[in-house]
Amino acid sequence: MVKLHLGCAGKRIMENKDEWINIDINPVWQPDICWDLEKGIPTHDILNLLKKPLPWHMPEDGDNLVDEIVVFHTLEHLRNWVYLMKDIHEVCKNGALIHVKVPRAPTKFAFQDPTHFSFFTEDTFKYFDEWKYLYQFPYFKVLKVEDTKNGEEMNVELQVCKEDKKCEIELV
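Residues numbered from 1 in each chain as written. Predicted model: local features only at pLDDT ≥ 70, side-chain atom pairs only at ≥ 80, totals over all residues. Heavy atoms only, no water.

Participant: What's the story with the nonpolar core in this structure? I'm lost.
Facilitator: A general feature of soluble globular proteins is that nonpolar side chains tend to end up buried together. Membership of the largest hydrophobic core comes to 36 residues, with the highest contact counts inside it found for Leu4, Leu6, Leu75, Ile88, Ile98 and Phe125. Contributing elements (two or more residues each) for this core: strand E1 (3-6), strand E2 (20-24), helix H1 (43-49), strand E4 (66-72), helix H2 (81-91), strand E5 (92-103) and strand E7 (153-160). (Core = buried A, V, L, I, M, F, W, Y, C linked by side-chain atoms within 4.5 Å. Buried < 20%, exposed > 50% of the residue type's maximum accessible area, 1.4 Å probe, protein only. Helix = DSSP H or I, 4+ residues; strand = E, 2+ residues; numbered from the N terminus.)

Participant: Is there a simple way to explain unusual backbone geometry in this structure?
Facilitator: With the exception of glycine, the majority of residues adopt a negative phi angle, and the majority of peptide bonds are in the trans configuration. The linkage connecting alanine 105 with the following residue, proline 106, adopts the cis geometry, with an omega of 10 degrees. Positive phi, close to 50 degrees, is recorded for alanine 9, a residue that is not glycine. Along the chain, the position of alanine 9 falls in the loop between E1 and E2. For alanine 9, a relative accessible area of 26% gives the class partly exposed. Non-glycine residue lysine 149 carries a positive phi angle of around 50 degrees. Its location among the elements puts lysine 149 in the loop between strand E6 (140-148) and E7. Classification of lysine 149 by relative accessible area gives exposed; the value is 53%.

Participant: Looking at this model, I keep getting lost on the sheet that holds E4. Mind explaining?
Facilitator: Sheets are built from strands that pair by backbone hydrogen bonding, the pairs being arranged parallel or antiparallel. Taken together, the seven strands give an open sheet; going across it, the order is E3-E2-E1-E4-E5-E7-E6, and neighbouring strands pair in mixed fashion. What marks the edges here is a single partner per strand, and that holds for strand E3 (33-34) and E6. Bridge count for E1 against E2 is four bridges, and the pairing is parallel. Pairing of histidine 5 across the sheet is with asparagine 22, part of E2. The strands touched by H2 are E1, E4, E5, E6 and E7; relative to E5, the strand with the most contacts, the crossing angle is about 150 degrees. (Pairing = 2+ DSSP bridges. Contact = heavy atoms within 4.5 Å. Axes fitted to C-alpha atoms, helices over the stretch in contact; angles between N-to-C directions.)

Participant: Where do I start with the packing of aromatic side chains in this structure?
Facilitator: Two aromatic rings are characterised by how far apart their centres lie and by the angle between their planes. Going through the model one piece at a time under the given rule, you end up with seven aromatic pairs. Ring centres 5.8 Å apart and planes at 85 degrees place the aromatic pair phenylalanine 128 and phenylalanine 140 in the edge-to-face group. Of this pair, phenylalanine 128 sits in the loop between helix H3 (108-111) and E6 while phenylalanine 140 is found in strand E6, placing the two residues twelve residues apart along the sequence. Taken together, the aromatic side chains of Trp81, Phe120, Phe125, Phe128 and Phe140 make up a single cluster linked through ring pairs. It is lysine 39 that lies over the ring of tryptophan 35; its NZ or CZ is 5.5 Å from the centre. (Phe/Tyr/Trp six-rings, centres within 6.5 Å; stacked < 30°, edge-to-face > 60°. Lys NZ or Arg CZ within 6 Å of the ring centre and 35° of its normal.)

The structure is reproduced here in structure tokens:
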């Protein structure tokens, strides 16, 4: 299995270290891959990092490679997070799970940080699910949107759905 932790900062995922790849722009956090997510997913670096004996066939181009992604308090810092979502869709397998945490607008937590470029409501991720045809975004099934931290933060769970396959992967 290949799992990505995007924008890991100081909270690198260390359990099952052979499955998780921690990615962050800041080398201070000692990520496995130091990368600016404004440029999308560092597919080439991921493939290079994985060039070791693996129990599965590794795709040549990185498509359909990733099983799970964690992206906590990162999307709001990107100028074009929709571009990153397109990359996430491309590198993930059908049925892959995406775990997102973002500050919820219109709370103070969303707006007080001057490095926040994007703001999120409970309907934001519908543009990748039931409203995807408005902008022809990649398809993610929204599994859950819940408020946490007294409504200041949202936890969102998405499932990658490839157009040529049914998105009815049974969740454990």
